[in-house]
Amino acid sequence: AADQNFDATPARKKPQVQKWTQEEKDLFVTSFNTHGKDWPTFSLLFPNKTKSSIKNFFQNYKEKLGMQKVFEEKFATPAELATIRKAKLAKEGVLPPGELEA
């Protein structure tokens, strides 16, 4: 008789979330100044971190660690800069939210 409780999908281990050490944070910021948002390079630099955790770290710390300013000054395209400026104006209430899409 076939086992009724058999699950054909293999068990997938969820990667354990690891906190970022100060050394990793420092390396991230230094590397960001050189590589910008080159996420494949960051995956090589931080093999113990998932792609998602690398991008999340940037999103969570970009303002606090000055990476947003570096991105805007060194790496952002004119279109990205325009989008960033519109978002800042909308957040400040200077730009109507509907204009953000334009």
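The rules we used
- Residues numbered from 1 in each chain as written.
- Predicted model: local features only at pLDDT ≥ 70, side-chain atom pairs only at ≥ 80, totals over all residues.
- Heavy atoms only, no water.
- Phe/Tyr/Trp six-rings, centres within 6.5 Å; stacked < 30°, edge-to-face > 60°.
- Helix = DSSP H or I, 4+ residues; strand = E, 2+ residues; numbered from the N terminus.
- Buried < 20%, exposed > 50% of the residue type's maximum accessible area, 1.4 Å probe, protein only.
- Lys NZ or Arg CZ within 6 Å of the ring centre and 35° of its normal.
- Salt bridge = Lys/Arg side-chain N within 4 Å of Asp/Glu carboxyl O.
- Core = buried A, V, L, I, M, F, W, Y, C linked by side-chain atoms within 4.5 Å.
- Contact = heavy atoms within 4.5 Å.

### A short note on the packing of aromatic side chains
Then comes step 1: This model, assessed by the stated rule, comprises 13 aromatic pairs.
Then comes step 2: Where Phe 32 meets Phe 75, the ring centres are 6.2 Å apart and the plane angle is 70 degrees; that geometry is what we call edge-to-face. Of this pair, Phe 32 sits in helix α1 (residues 22-35) while Phe 75 sits in helix α4 (residues 67-75); the two residues are 43 residues apart in sequence, bridging distant segments of the chain.
Then comes step 3: Here Phe 32 falls in the buried class, since its relative accessible area comes to 0%.
Then comes step 4: The exposure class of Phe 75 is partly exposed, given its relative accessible area of 27%.
Then comes step 5: When the ring of Phe 42 is compared with that of Phe 46, the centres are 6.4 Å apart and the planes differ by 10 degrees; the resulting orientation is stacked.
Then comes step 6: Given the relative accessible area of 2%, Phe 46 is considered buried.
Then comes step 7: Clustering of aromatic rings is evident, with ring pairs tying together Trp 20, Phe 28, Phe 32, Trp 39, Phe 42, Phe 46, Phe 57, Phe 58, Tyr 61 and Phe 75.
Then comes step 8: Taking NZ or CZ as reference, Lys 49 lies 4.6 Å from the ring centre of Trp 20, over its face.

### Considering the pattern of salt bridges
Then comes step 1: All told, the structure shown has three salt bridges when counted by the stated rule.
Then comes step 2: For Glu 72, the salt bridge is made with Lys 88, and the minimal N-O distance between the two is 3.3 Å. Note that Glu 72 is positioned in helix α4 and Lys 88 in helix α5 (residues 78-91), a separation of 16 residues in sequence.

### Quick word on the nonpolar core
Then comes step 1: Counting 16 residues, the largest nonpolar core has Phe 28, Phe 32, Phe 42, Ile 54 and Met 67 as its most contacted members.
Then comes step 2: Elements represented by at least two residues in this core include exactly α1, α2 (39-45), α3 (51-61), α4 and α5.
Then comes step 3: Residues within four places of Phe 32 in sequence aside, it is in contact with Lys 37, Phe 42, Phe 58, Met 67, Val 70, Phe 71 and Phe 75.

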